[in-house]
Amino acid sequence: MTSRLLQRSLGSPDYDGIRQALRDDTSTPVISVRGLEVRVAVLPLFTHDGRQAVRVSSTEPLTHVLVGVDSASGRDVTLLVPEVDAPRVLTLESRDDAGVVGSARITVTPQRKWSVYVVHHSHLDIGYTDPQGTVLRHHLDYLDAALRLAEETASWPDDAKFRWTVESSMPAVKWLAARPAEMVESFVRYGREGIIEVTALPFQLHTEACSTEELHRQLRFTRRFGFPVTSAMHTDVPGAVVGLVDALSQVGVRYLAAAHNWAGRSVPYLHGGDKLTRPFRWRAPSGNELIVWFTDTPHGMAYMEGNTVGLTDSYELADDLLPRYLSALATRGYPYGPGTFGWQGPDAPREPYELDMLHLRVQGAHADNAGPSIVPASIARRWNEEWAYPRLRSAVNSDFFRHVEERYLDRLAVHKGDWTDWWADGLGSGARPLGYVRRAQSALRVAETLHTLAGADATEEIDAAYDKVALFNEHTWGAANPWEDAEEAGDSGGLQWTRKSSGAYQAQDDAADLLHAAVRRFAAALSEAGTEGGPLASFAVFNPATRARTDVVRTFLPRDVVGVEVPITLVDARTGETVPHHEEFVDPDDWPTRPIGRHVHAVVPDVPGYGYVRLDVVPGEAQAPEPVDLGDSPAIENEFYRVAYDVREGYISSIFDKRAGRELVNGDAAAGFGQYVYDQYATAPHFNHLSGHVGAHDRTLLGDRAIGRHATITKCQRTAIGEKLVVELHGKGVDWIRTTIELHYGVPRLDLTYQLAKQGTPAKEAVFLAFPFATGPATAWELTGGVGGPDVPRVPGSAEYMLPIRHWIAFEDPELTIAWATLEAPLVQLGTIHMPYAPFPPTLDHEDGTVYSWALNNIWDTNFPAQQQGETTFRYAVTSLTVAESATTDVGVGGRRLGAAAAAGLTEPFVGALITDSPAATETYASVDHPDVLITSIGKDSVRLQSLAAEPVEATITMPGREPVEVRLPACGVAVIGGRAHEDR
């Protein structure tokens, strides 16, 4: 009894409940007598001899008669009538042994003749159901099984042959490397015959966590299979960045099947998603487009819609449910009604599905990571023997799209722009490893460029590091029950997160190793080209950004090169002028485990983009000056800004732009600038999918909101290169908060660093850092492979309450442009803080100019880690430019350009390479003449470009020793110019 009690009391509705809801919603009660009910459904079922079906069900066995047409006995019967091309009214009589129980007039209506493409695949969660290695080995076994099933059904009718779609290419790549030649040959043959299809994405990605280069590199595997890859699948993750369209298009992919597991966390149907027709053409600003098919939970458990209607269970169950599902698609906005799945359901109008072709996913079992099964193909075989329509085809993913493209392309709606991800809030659940990954993304671009300029080919190592970065950005972040710590299955949360997070740290280490090696190789190449003698040492200060800029370099001078007791001066080799610098010694008594010498910090003016300036180290008259203690002063400044900190309140009270004569901080905002905001929610932890069952229509579930308190100035100093203020605070959720505010002389940028000693807790929580600007609303923000903005189109149903950005947001008004940039933390909310539960109501009045950086959170109850702790760093930058000044700078006019410039200080810091001889005082390796075009990296065989412009542009790329190259870039597009950059050194 107890077990029955629990089974009936807990959890979401099971398949039986969902299926019964479909039966009820697609049939009409026509007779109700003495507690007996008869229901009728006119369904799109056609026999081979030209009749169509009427399904009749009754609560007791009866004989059901369509008078003058057909009859049958039982609880559930199928009656056949001649196919109609206009509504036809018939009489139904239901009889028992005593005679007619009741009768009703029913209308038989014309029905569509459907073609259903049953796409058999396995959703790849690298983890979740088992530790990661176990899952991947299983997926290799699935490919073995797929070959066997393909062979077993080779003689079956073509529509019924077993076909297998490899949802993610990574298992196929691993399988090809681990199987004998004869199996590989069979795999390739089946691929060419359309029996097996490998889709383009290596695994299911949080695409908004990817850098643009990373996203493109992850598609290089599409050329490895011996047959074309024309489609992609994006399963489980609800949404994708606009850059995915360009990335897929560049490798020849034209089709994308998406399946959005809402899990109750997202409500696109309340934000325009009801206008997103299926299929549709998804177009990027570049003009590239994909044909997209998508399903979501109200269409049948997202990517389980085929399982929901019985295609994994039995012919009998599919025969009952599939026609009802098709009928519901044709007559209702969603086939399943509100509440069917136990959480937020659609309550917005939507047009019924209008085509007579359907893409229907099915998995071998009702689970993620399920293996292949012969059952779907067996059902298709028997089905097509029994019924003329719907026609079932065991299909690979691209089959459906090719037929849609041929027949309906011009009828499909076109949707443009970003398809903002709804699950991206989960990225905040692993803030520290995510920060490491984002640093690695930046370091890898610089490492590849410097290797190339040094004449070294590090492509293989760079690709391998990008693969580790991408594996962290794969959508599975943990176990089904991430708070558990078993050794297998869905409770292996501790094991899974250990591996997942360690991959992020390893990726960052690999990137750092590659950058370390690249700097040494670059230095060696320059030294070989230089002349001997001269200064004590030199540094080549390399600028990995596209535009020339003045910025700070931090580099190391070992004591075995120049003794720490030797005073030094830095000299700009271009001009002979002294460059002020600051030194920090590594004392062997304090750090015996680290290289001994001095860290040298200097602001180097006008370093060309993708070029270097030589700084010579010459004997000085005295040691570099010690920092000047500014006491308890809560203010610092340089020639561009004056920044004041309110110690009592715990935030920056003023950022005064001296050039504009204007305050940048909105002093009337709800939160102070840089203020630490800690929210706790009144929901319980450790209940799987609880957050998907919780709705929040006001602030009731906001259990507590706290801010940083008890600020203490721990350092306020002036050095030769600028001024720095360090403040420590205390707050809920952390042991301490350390805020470092820096201004460098000659650099028109404010640098902010927040370090949190995070306390681990399973309680539902979020940390925000507030940035209220005295300006209007944001006008543009950086996305992976694109630029968003309030007037930039987005795919209907995209998330509105938050944005997962790459690095920058721009604000513009008639006199001033402001740019805000983030390095580690991609999640932002504009204007207010929203509740993290659907439908995400705001908790504060909206303020146009305020950015809330959603630094970290613990919201999810499955997949994402259950808590996070430890010291975690978040870095930000702020810069501004008046309209008058912008006309005289390399940045030029526009928030997009200023945003990129602000981000460069975080993502593309100057690199100091120690050289022993004296090469040229300066050199530029690549330049581009259009202010909206960025060089993102220089590789062994290519120069990669990205445009920020909202329209197509033409640009000329110049490299020493080579003819200039003219290139046309589409709007917000990317381009690759071939050639070996290092050969012309």
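Because the structure is a prediction, the values reported are computed rather than measured.

How each quantity is defined
Residues numbered from 1 in each chain as written. Predicted model: local features only at pLDDT ≥ 70, side-chain atom pairs only at ≥ 80, totals over all residues. Heavy atoms only, no water. Buried < 20%, exposed > 50% of the residue type's maximum accessible area, 1.4 Å probe, protein only. Helix = DSSP H or I, 4+ residues; strand = E, 2+ residues; numbered from the N terminus. Pairing = 2+ DSSP bridges. Polar contact = N/O pair within 3.5 Å; in protein donor to acceptor, adjacent residues only side chain to side chain. Contact = heavy atoms within 4.5 Å. Expected span 1.5 Å × (residues − 1). Arc of directions from axis to C-beta. Axes fitted to C-alpha atoms, helices over the stretch in contact; angles between N-to-C directions. Phe/Tyr/Trp six-rings, centres within 6.5 Å; stacked < 30°, edge-to-face > 60°. Lys NZ or Arg CZ within 6 Å of the ring centre and 35° of its normal. pLDDT = per-residue confidence, 0-100. Patch = residues over 30% accessible without salt bridge, like charges linked within 9 Å, V, L, I, M, F, W, Y side chains within 5 Å. Areas by Shrake-Rupley, 256 points an atom, 1.4 Å probe, with all protein chains shown as cover. Salt bridge = Lys/Arg side-chain N within 4 Å of Asp/Glu carboxyl O. Lys, Arg positive; Asp, Glu negative; His and termini not counted. Charge placed at Lys NZ, Arg CZ, Asp CG, Glu CD.

Undergrad: Explanation requested: the pairing of strand β2 (residues 36–46) in the structure shown.
TA: A regular strand places its side chains on the two faces of the sheet in alternate fashion. Among the 11 residues in β2, 10 count as buried, and that is most of the element. Bridge analysis of strand β1 (residues 28–33) against β2 gives 5 bridges, and the strand direction is antiparallel. Bridge pairing links isoleucine 31 to valine 38 in β2. Here β1 hands over to β2 after 2 residues, with arginine 34 in that stretch at a positive phi of 50°. Hairpin remark: β2 followed by strand β3 (residues 51–66), antiparallel, with 4 residues in the connecting loop; positive phi at glycine 50, about 90°.

Undergrad: Help me understand the side chain of threonine 308 in this model?
TA: Looking at the secondary structure, you find threonine 308 in helix α8 (residues 305–308). At 3.4 Å, the side chain of threonine 308 and the backbone oxygen of glycine 300 are in polar contact. Residues within four places of threonine 308 in sequence aside, it is in contact with Tyr15, Ile18, Arg19, Gly300, Met301, Leu321 and Tyr336.

Undergrad: Sorry if this is basic, but what is going on with helix α5 (residues 181–193) here?
TA: Structural remark: α-helix, 3.6 residues per turn; residues separated by three or four positions point the same way. In this model, α5 (13 residues) spans 18 Å end to end at C-alpha, consistent with the 18 Å of a helix rising 1.5 Å per residue. Residues of α5 that are buried: Phe187, Val188, Tyr190 and Gly191. Along α5, the residues classed as buried sweep out an arc of 165° about the axis, all on the same side. For α5, the exposed residues set more than 90 degrees away from the buried face come down to Glu182, Glu185 and Arg192. Tucked inside the fold, the buried residues of α5 contact α3 (132–152), α4 (169–178) and β9 (196–198). In the segment just after α5, glycine 194 is the residue with positive phi, at about 80°.

Undergrad: Where do I start with the sheet that holds strand β14 (residues 357–362) in this structure?
TA: Pairing between the strands of a sheet is mediated by backbone hydrogen bonds and can be parallel or antiparallel. With parallel pairing, the 3 strands of this open sheet are ordered in space as β14-β7-β15. In this open sheet, the two edge strands, each paired with only one partner strand, are β14 and β15 (391–395). Strand-to-strand twist in this sheet, taken as the mean axis angle between neighbours without regard to direction, amounts to 25°. Bridge count for strand β7 (residues 115–120) against β14 is 6 bridges, and the pairing is parallel. Note on β14: the bridge partner recorded for valine 119 is arginine 361.

Undergrad: Explain the packing of aromatic side chains to me, please; I cannot follow it from the model alone.
TA: Aromatic ring pairs are defined here through the distance separating the ring centres and the angle between the ring planes. Taken as a whole, this structure holds 46 aromatic pairs when the rule is applied. Geometrically, the ring pair formed by phenylalanine 280 and tryptophan 419 is edge-to-face, given 5.5 Å between the ring centres and 80° between the ring planes. With phenylalanine 280 in strand β12 (residues 280–283) and tryptophan 419 in the loop between β16 (413–416) and α12 (431–453), this residue pair connects regions lying 139 residues apart in the sequence. Under the relative-accessibility criterion, phenylalanine 280 is labelled buried at 0%. Pairwise contacts between aromatic rings join Trp114, Tyr117, Tyr255, Trp293, Tyr353, Phe400 and Phe401 into one cluster. Geometry around tyrosine 436 places arginine 439 over its ring, the cationic atom sitting 4.7 Å from the centre. Its guanidinium or amino end placed over the ring of tryptophan 736, arginine 738 lies 4.3 Å from that ring's centre, counting from NZ or CZ.

Undergrad: Explanation requested: α4 in the structure shown.
TA: Within the sequence span of α4, burial applies to Ser169, Met170, Pro171, Ala172, Val173 and Trp175. The secondary structure elements touched by the buried residues of α4 are α3, β8 (164–166), α5, β9 and α13 (459–473).

Undergrad: So what exactly am I meant to see when it comes to the confidence of the model for the chain here?
TA: Residues shown with low pLDDT carry predicted positions that ought not to be read at fine detail. For the chain, per-residue confidence averages 94 on the pLDDT scale, and residues scoring 70 or more make up 97% of the total. Between residues 1–9, whose pLDDT stays under 50, and residues either more than four places distant or in other chains, the model counts 0 contacts. In the model, residues 979–985 has pLDDT below 50 throughout and makes 24 contacts with residues more than four positions away in sequence or in other chains.

Undergrad: I keep staring at unusual backbone geometry and nothing clicks. Help me out?
TA: Excluding glycine, a negative phi dihedral is what most residues carry, and trans is how most peptide bonds are arranged. Here the amide bond leading from arginine 278 into proline 279 is cis, since omega sits at -20°, within 30 degrees of zero. By the secondary structure assignment, proline 279 is in the loop between β11 (255–260) and β12. Here the residue pair tyrosine 389 and proline 390 is connected by a cis peptide bond, since its omega of 0° sits within 30 degrees of zero. Secondary-structure assignment places proline 390 in the loop between α10 (375–386) and β15. In this model, alanine 302 sits at a positive phi of 60°, which is unusual for a non-glycine residue. Looking at where alanine 302 falls in the secondary structure, it is placed in the loop between β13 (289–296) and α8. Here alanine 302 falls in the buried class, since its relative accessible area comes to 1%.

Undergrad: Would you explain a negative patch on the surface in this entry?
TA: Residues Glu484, Asp485, Glu487, Glu488 and Asp491 make up a contiguous surface patch of negative charge. Within the secondary structure, glutamate 484 sits in the loop between α13 and α14 (493–529).

Undergrad: What should I look at first to understand the sheet that holds strand β48 (residues 942–947) in this one?
TA: Overall, antiparallel pairing links the 3 strands, which are arranged β47-β48-β51 in an open sheet. Pairing within the sheet leaves two strands with one partner each, and these edge strands are β47 (933–938) and β51 (974–978). Each strand axis lies, on average, 25° off the axis of its neighbour in the sheet, ignoring direction. The pairing of β47 with β48 spans 5 bridges and is antiparallel. Paired with serine 937 across the strands is arginine 944, a residue of β48. Its contacts with the sheet place α12 against β47 and β48, and it is angled at close to 65° to β47.

Undergrad: It is not clear to me how the environment of histidine 581 should be interpreted in this structure. Could you clarify?
TA: For histidine 581, the position within the fold is in strand β21 (residues 581–586). Sequence separation between histidine 581 and histidine 601 is 20 residues; the distance between their C-alpha atoms is 5.5 Å. Excluding its chain neighbours within four sequence positions, the residues that come into contact with histidine 581 are Ile568, Thr569, Leu570, Val600, His601, Ala602, Ala624, Ala720 and Ile721. One polar contact links histidine 581 to glutamate 583, side chain to side chain, over a distance of 2.7 Å.

Undergrad: In this structure, what is going on with the side chain of glutamate 448? I would like to understand it.
TA: Mapped onto the fold, glutamate 448 is located in helix α12. At a separation of 2.4 Å, a polar atom in the side chain of glutamate 448 contacts the side chain of arginine 217. Those residues in contact with glutamate 448, other than ones at most four positions away along the chain, are Glu213, Arg217, Ile462, Ser937, Ile938, Gly939 and Arg944.

Undergrad: Sorry if this is basic, but what is going on with the environment of proline 110 here?
TA: Tracing the backbone through its elements, the reader meets proline 110 in the loop between β6 (99–108) and β7. For proline 110, a relative accessible area of 36% gives the class partly exposed. Sequence separation between proline 110 and valine 42 is 68 residues, and the spatial gap between their C-alpha atoms is 9.0 Å. Residues contacting proline 110, with those up to four places away along its chain left out, are Val84, Asp85, Ala86 and Pro87.

Undergrad: Honestly, the pattern of salt bridges in this entry has me stumped. Any pointers?
TA: As a working rule, side chains carrying opposite charge can pair if their charged atoms are close by. Tallied over the full model, the rule gives 56 salt bridges. Residues arginine 189 and glutamate 193 are paired through a salt bridge, measuring 4.0 Å at the closest nitrogen-oxygen approach. With arginine 189 and glutamate 193 both in helix α5 and 4 residues apart, this pair spans about one turn of that helix. The salt bridge partner of glutamate 289 is arginine 281, with a shortest N-O separation of 2.8 Å. Residues joined in a network through salt bridges with shared partners are Asp158, Asp159, Arg163, Arg391, Arg393, Asp399 and Arg402.

Undergrad: How do you make sense of the environment of valine 198 when you look at a structure like this?
TA: For valine 198, the position within the fold is in strand β9. Owing to a relative accessible area of 0%, valine 198 belongs among the buried residues under this scheme. Contacts of valine 198, omitting those with residues within four sequence positions, involve Val166, Ser169, Ala172, Phe187, Phe225, Phe227 and Val229.

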